[in-house]
Amino acid sequence: MGREAGPGAAPGGASKHAGKPPPPSPGASAGSRPRRASLGGGRPAQDRELRAQGRQTLQNLLEAGLAEFDERGFQAVRVDDIVRRARISHGTFYLYFSNKEDLFKALLRDALHDMSLVTDEFPVVTRNGAGRAALQRWVHEVCEVYAAHAAVIRTRSQAEIVGEEVWGDGLKLLFRLAEAMAQGMTAATGAAEHAELTAVACLMMLERVNYLLTVEVRLPREEMEERIAAIMFAAFNPG
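The text that follows walks through the structure, step by step, so that each part is easy to find. This is a predicted model, so every value here is computed, not measured.

A separate point is the packing of helix H5 (residues 129-148) against helix H9 (residues 221-236). Packing of H5 against H9 leaves a shortest axis separation of 9 Å and a crossing angle of 130°. When the interaxial angle is binned, H5 and H9 end up oblique. The way H5 lies across H9 gives a crossing that is right-handed. For the pair formed by H5 and H9, the contact residues are Gly131, Arg132, Leu135, Gln136, Trp138, Val139, His140, Cys143, Glu144 and Ala147 on the first element and Arg221, Glu225, Glu226, Ile228, Ala229, Ala230, Met232 and Phe233 on the second. Of the residues in the contact of H5 with H9, the class split is ten nonpolar, three polar and five charged.

Next up, the structure:
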């Protein structure tokens, strides 16, 4: 998932979205995987155990913040806007988050957490139809997780707000995923030359297509998933 803004022009034949899709609830599921709502909240909430009412308040703040960021852009949103939408007081907000940046980072950690789970699920891809089918199922799961966190990804591209620590976590995840892909794609066939670089190139393609699917243009998602899987499979099995 890149830090840069999305591409400015749609590919030929693709039509622009009339509007953005609504942001997903932080408590929603990506496929069958339950999402973690904020990993316990922001810095003020990290050192205490939240009861049911506190967890619900936290959920309301996350949903309100996500909706505000997605609709108005990170820079324009104030804590006032978040608490007004959540119908929660300023004082209560600061029991859970230090500021709007703290709330956004909690949402971003959820995205990194869910993508880390997908990384751990990369299959061993054999050089036959079963291997290609396993790869396509994995591509579908990546697209599901990306779509579930699309509003956070859109917001992240708008400003340099995540800090070096979180940004570094994203880079580490990218290279861990590239390593898992290289191992999974070559385990059944032997070592492939430049396997990890090939994996990074494939991941960049997958990320950009997902960006287009969730932000910029209307594309046939199922067909795109199938084509991406086919390209990735061919990249590791040339000839």
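If you trace the backbone, Thr92 turns up in helix H3 (residues 90-96). Judged by its relative accessible area of 25%, Thr92 is partly exposed. Residues Thr92 and Leu61 lie 31 residues apart in sequence; the distance between their C-alpha atoms is 9.7 Å.

What follows deals with unusual backbone geometry. Backbone geometry follows two general trends: most residues other than glycine have a negative phi, and most peptide bonds adopt the trans configuration. The backbone phi angle of Arg87 is positive, close to 60°, even though this residue is not glycine. Looking at the secondary structure, you find Arg87 in the loop between helix H2 (79-86) and H3.

As a further point, take the nonpolar core. Formed by 30 residues in total, the largest nonpolar core has its most connected members in Leu135, Trp138, Val139, Met181 and Met232. Elements with a minimum of two residues in this core: helix H4 (100-120), H5, helix H7 (163-186), helix H8 (195-216) and H9. Beyond its immediate chain neighbours, meaning those up to four positions away, Leu135 contacts Phe122, Pro123, Val125, Met185, Ala229, Met232 and Phe233. If you look at the next biggest cluster of nonpolar residues, it comprises 25 residues, including Leu61, Ile82, Ile88 and Leu107.

Turning our attention to helix H1 (residues 52-72). Its 21 residues place the ends of H1 30 Å apart at the C-alpha level, agreeing with the 30 Å of an ideal helix rising 1.5 Å per residue. Downstream of H1 by a residue or two, Gly73 has a phi angle that is positive, lying close to 90°.

Reading the values: rules and limits
- Residues numbered from 1 in each chain as written.
- Predicted model: local features only at pLDDT ≥ 70, side-chain atom pairs only at ≥ 80, totals over all residues.
- Heavy atoms only, no water.
- Axes fitted to C-alpha atoms, helices over the stretch in contact; angles between N-to-C directions.
- Helix = DSSP H or I, 4+ residues; strand = E, 2+ residues; numbered from the N terminus.
- Parallel < 35°, antiparallel > 145°, perpendicular 65-115°, else oblique.
- Left-handed = near helix turned anticlockwise from the far one by under 90°.
- Contact = heavy atoms within 4.5 Å.
- Nonpolar A, V, L, I, M, F, W, Y, C, P; charged D, E, K, R; others polar.
- Buried < 20%, exposed > 50% of the residue type's maximum accessible area, 1.4 Å probe, protein only.
- Core = buried A, V, L, I, M, F, W, Y, C linked by side-chain atoms within 4.5 Å.
- Expected span 1.5 Å × (residues − 1).

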